[in-house]
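Below, each chain spelled out in residue letters.
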Amino acid sequence: MNVRIHQSWKKELEQEFEKDYFKSLTAYIKEQYDENKCFPPGKDIFAAFDHSNFEDTKVVILGQDPYHGPGQANGLCFSVKDGIQFPPSLINIFKEIENDLGKKIPETGNLERWADQGVLLLNATLTVRAHQAGSHQNKGWETFTDHVIRTVSEDKENVVFLLWGGYAKKKAKLIDSSKHLILTSGHPSPLSANRGYWFGNKHFSKANEYLIKNRKEAINW
């Protein structure tokens with residue numbers, strides 16, 4: 001597995017890479033990529049850690065699984081590559097930003113621009129087989145990404161964690177709420193959003209207000 005991540009994250013995670021579970025996971029994922037079509041492309045598996053260095057990370061958004069359609073996943077949760085049609089959840093994210101901040105829906109769904117500002121766009125599972133949602137769950141990725149969440153919580157202060165939907169909300173127990181802001185709501189998927197659990201959460205303005213209050217630069221959503 002080609003672990004292309006920012007040097008600052010290597011320092012935080014190098015011990016995890018040496019653990020038996022991670023070595024087993026690496027072998028499994030390599031086999032999966034050799035034998036099946038998997039996403040994201042191998043070079044993008046750790047893109048969340050390549051774009052957002054550890055020191056600058058000030059917001060964490062947690063997804064569950066990469067997109068499993070051709071050309072969609074780019075290693076950042078909820079994000080798609082330039083020129084790819086927006087998935088429904090991403091459309092609803094952009095609609096809420098428009099409602100909350102008055103920003104027009106952008107032309108691209110590539111969220112590298114957020115990651116480059118210190119938004120860690122972390123999927124709980126970093127890989128998936130084509131057209132098979134959840135196919136790489138419970139193989140070790142969750143152990144790794146739980147460690148990432150705990151590391152950010154323990155070693156940093158005043159980070160905003162955006163936990164959308166039931167799965168993400170369960171990760172709140174890994175976060176020290178006395179020194180970070182945890183914002184929860186329904187998932188932006190149509191099933192949840194159309195029932196009134198997503199729209200109006202104002203997470204994007206709330207995140208920026210908290211960052212500014214703690215002398216950090218707001219995110220240009």
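Criteria and cut-off values
Residues numbered from 1 in each chain as written. Predicted model: local features only at pLDDT ≥ 70, side-chain atom pairs only at ≥ 80, totals over all residues. Heavy atoms only, no water. Helix = DSSP H or I, 4+ residues; strand = E, 2+ residues; numbered from the N terminus. Buried < 20%, exposed > 50% of the residue type's maximum accessible area, 1.4 Å probe, protein only. Contact = heavy atoms within 4.5 Å. Core = buried A, V, L, I, M, F, W, Y, C linked by side-chain atoms within 4.5 Å. Pairing = 2+ DSSP bridges. Axes fitted to C-alpha atoms, helices over the stretch in contact; angles between N-to-C directions. Parallel < 35°, antiparallel > 145°, perpendicular 65-115°, else oblique. Left-handed = near helix turned anticlockwise from the far one by under 90°. Nonpolar A, V, L, I, M, F, W, Y, C, P; charged D, E, K, R; others polar.

Tracing the sequence through the fold places Tyr-167 in helix α7 (residues 166–169). For Tyr-167, a relative accessible area of 28% translates into the label partly exposed. Along the backbone, Tyr-167 and Gly-63 are 104 residues apart, and their C-alpha atoms lie at a distance of 8.6 Å. Sequence-distant contacts of Tyr-167, defined by excluding residues within four places in its chain, comprise Gln-64, Ala-124 and Glu-142.

On to the nonpolar core, then. Ranked by size, the top nonpolar core spans 63 residues in total, and within it Phe-46, Phe-49, Ile-61, Trp-114, Phe-144 and Trp-221 carry the most contacts. Sequence-distant contacts of Trp-114, defined by excluding residues within four places in its chain, comprise Ile-61, Ile-93, Phe-94, Ile-97, Val-119, Leu-121, Phe-204, Asn-220 and Trp-221.

Of all residues except glycine, most have a negative phi; of all peptide bonds, most are trans. Residue Pro-40 follows Phe-39 across a cis peptide bond; omega there is -5°. Positionally, Pro-40 belongs in the loop between β1 (38–39) and α3 (47–51). Positive phi values are uncommon outside glycine, yet Asn-158 reaches one of about 55°. Checked against the element boundaries, Asn-158 lands in the loop between α6 (141–155) and β5 (160–164). The phi torsion at Arg-215 lies on the positive side, around 60°, for a residue other than glycine.

The set of residues buried in helix α9 (residues 203–213) consists of His-203, Phe-204, Ser-205, Ala-207, Asn-208, Tyr-210 and Leu-211. In this structure, the buried side of α9 is in contact with β2 (59–63), α4 (88–101), α5 (112–115), β5 and β6 (181–185). Positive backbone phi, approximately 60°, marks Arg-215, located one or two places after α9.

Below, the discussion takes up the sheet that holds strand β3 (residues 119–123). The strand order across the open sheet formed by four strands is β3-β2-β5-β6, and the pairing between neighbours is parallel. Taken across any chain shown, the strands that pair with only one partner, and hence form the sheet edges, are β3 and β6. The mean angle between the axes of side-by-side strands here comes to 20°, regardless of whether they run parallel or antiparallel. Here β2 pairs with β3 via five bridges, running parallel. From the neighbouring strand, Ile-61 faces β3, where its bridge partner is Leu-121. Sheet contacts for α6: β2, β3 and β5; angle to β3, the most-contacted strand, approximately 155°.

To continue, consider the packing of helix α2 (residues 20–35) against α6. The contact between α2 and α6 brings their axes to 9 Å, and the two run at 125°. For the element pair α2 / α6, the angle class is oblique. Relative to α6, α2 is oriented so that their crossing is left-handed. Counted together, Tyr-21, Phe-22, Leu-25 and Ile-29 of α2 and Trp-141, Thr-143 and Phe-144 of α6 form the full contact between these two elements. Looking at side-chain class alone, the contact of α2 with α6 contains six nonpolar, one polar and no charged residues.

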